[in-house]
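# Secondary and tertiary structure notes
Residue strings, one per chain:
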Amino acid sequence: MDTLRLMHLFTRAVDLGSLSAVAREAGTTQPTVSKAINALEAHVGVRLLERSTTGLLATTEGLRFHERARRLLDEYEDALAEVRGHARQAQGLLRVNAPVALGQFHLNALAQEFLALHPDIEIELILDDRFVDLVGDGVDVAVRLGGPLPPDAVARTIAASTRSLVAAPSYLARHARIRRPDDLAQHDFLRFAWLATGDEMALQHGGDVVKVTARGRYRVNNALAIRDSLLAGAGIGLCPHWLVHDLVQAGQLARVLPAWSGTTQHVALVYPSRRYQPARARLFMDFLAQRIGALPGWTATVDR
């Protein structure tokens, strides 16, 4: 039991970044917490924390140990609650990773709503358009938009958004009229910088699928920047409805070739491949599965 206590104090020190904060939370003193972590370091035989006048910083070994220790403590508490015949209230820190635009449009507000429902849970929401190392970065749940998924992860698809061609009326007024997909080759196309498809784009109309070349001089790695560029009349974009539906409804963007659409964009909840998931992670994934599919621009989907 002493080892579990030492692990708990260590994980909270990493989470809070302060021995004083851990001491206040545990109802003890800072020297006591410091001695406990020293004892844990002596037990495992490696340095876990670097201490300085500005705070705490976990070592490389400390970060790896923190991830495993946090999972072990969560599983222990759930097992203890189960054997005692009652469900443990979800608690602790939940680390979530998501694309920047999706985070700002939806997840930031949804996270606040979730926290109001679960007062013992903390959320650390990291917005990043690149895929992260789920295990290495200690991520409990990553929200992914399309694209290949990490081989060491499992995913739950929860919603889909149709992608359509859009442009500002000012852009369309200055350029040749677009009557068929081949006409797109004569226009400026805005796209995400990291797409592996290059200038080739697939469009579908009913059962017909065509591949067209859509070139442009501007690529950017942020969906919000693409949205702003479209508004400024910089070109045409193939965008998911969740990103631009409000601008289309307001007349600030117009549909181009409305009978044609791009590949549907799916949103998936991704988590490390392991049997055990903390209760807080399961609750959060169920919450997002219920809410995102009901938002404007999205359609709920069955898990794939």
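Presented here is an overview of the structure given in this document. Residues take numbers from 1 onward in each chain, read along the sequence in its written order. Totals for whole chains, interfaces and linings use every residue, but because this is a predicted model, local features are given only for residues with pLDDT of at least 70 and side-chain atom pairs only at 80 or more, for both listing and counting. Excluding hydrogens and water, the side-chain values take into account all heavy atoms of the structure.

Quick look at the side chain of Glu41 now. Going along the chain from the N terminus, every DSSP run of H or I of four or more residues is numbered as a helix, and every run of E of two or more is numbered as a strand. Relative to the elements of secondary structure, Glu41 occurs in helix α3 (residues 30-44). Partly exposed describes any residue whose relative accessible area lies between the buried limit of under 20% and the exposed limit of over 50%, with all areas from a 1.4 Å probe on protein chains only and scaled to the type maximum. Classification of Glu41 as buried rests on a relative accessible area of 7%. Two N or O atoms count as a polar contact when they lie within 3.5 Å, although within protein this holds only if one can serve as hydrogen donor and the other as acceptor, and sequence-adjacent residues are included solely when both atoms are side-chain atoms. Reaching out from Glu41, the side chain makes a polar contact with the backbone nitrogen of Leu48 at a distance of 2.9 Å. If near-sequence neighbours (up to four positions away) are discounted, Glu41 is found in contact with Val46, Arg47, Leu48, Leu49 and Arg51. The contact criterion used is simple: two residues touch if any of their non-hydrogen atoms lie within 4.5 Å.

Time to look at the packing of aromatic side chains. Think of it this way: a Phe, Tyr or Trp ring, Trp meaning its six-membered ring, pairs with another when their centres are within 6.5 Å, and the plane angle makes it stacked under 30 degrees, edge-to-face over 60, tilted otherwise. Following the criterion strictly, the structure yields five aromatic pairs and no others. Their ring planes at 80° and their centres at 5.9 Å tell us that Phe105 and Trp242 sit as a pair that is edge-to-face. In this pair, Phe105 sits in helix α5 (residues 100-117) while Trp242 sits in helix α8 (residues 241-249), placing the two residues 137 residues apart along the sequence. Residue class for Phe105 comes out partly exposed when judged on its relative accessible area of 28%. On the basis of relative accessible area, Trp242 is assigned to the buried category, the value being 2%. Ring geometry for Trp242 against Trp298: centres 5.9 Å apart, planes inclined by 10°, an arrangement best described as stacked. Of this pair, Trp242 sits in helix α8 while Trp298 sits in the loop between α9 (279-291) and β14 (299-300), and the two are 56 residues apart along the sequence. Through a chain of ring-to-ring contacts, the aromatic side chains of Phe105, Trp242 and Trp298 assemble into a single cluster.

A few words on the layout of surface pockets. Space inside the second largest pocket adds up to approximately 490 Å³. Together, 21 residues line the second largest pocket, and His8, Leu73, Asp74, Glu77 and Gln91 are the ones closest to its centre. Of all elements in the fold, only α1 (2-16), α4 (60-83) and β3 (92-98) reach the threshold of two or more residues within the lining of the second largest pocket. When the residues that make up the lining of the second largest pocket are grouped by side-chain class, the tally is six nonpolar, four polar and eleven charged. Put simply, the grid is 1 Å and covers the protein atoms alone, a cavity is a trapped set of points that fit a 1.4 Å probe, a pocket is an open set with protein on both sides within 12 Å along at least five of seven lines, and lining residues have an atom within 4 Å of a point. Grid points are joined across faces, edges and corners, and a volume is the space filled by probe spheres set on the points. Throughout, the ten residues Ala, Val, Leu, Ile, Met, Phe, Trp, Tyr, Cys and Pro are labelled nonpolar, Asp, Glu, Lys and Arg are labelled charged, and all others, Gly among them, are labelled polar.

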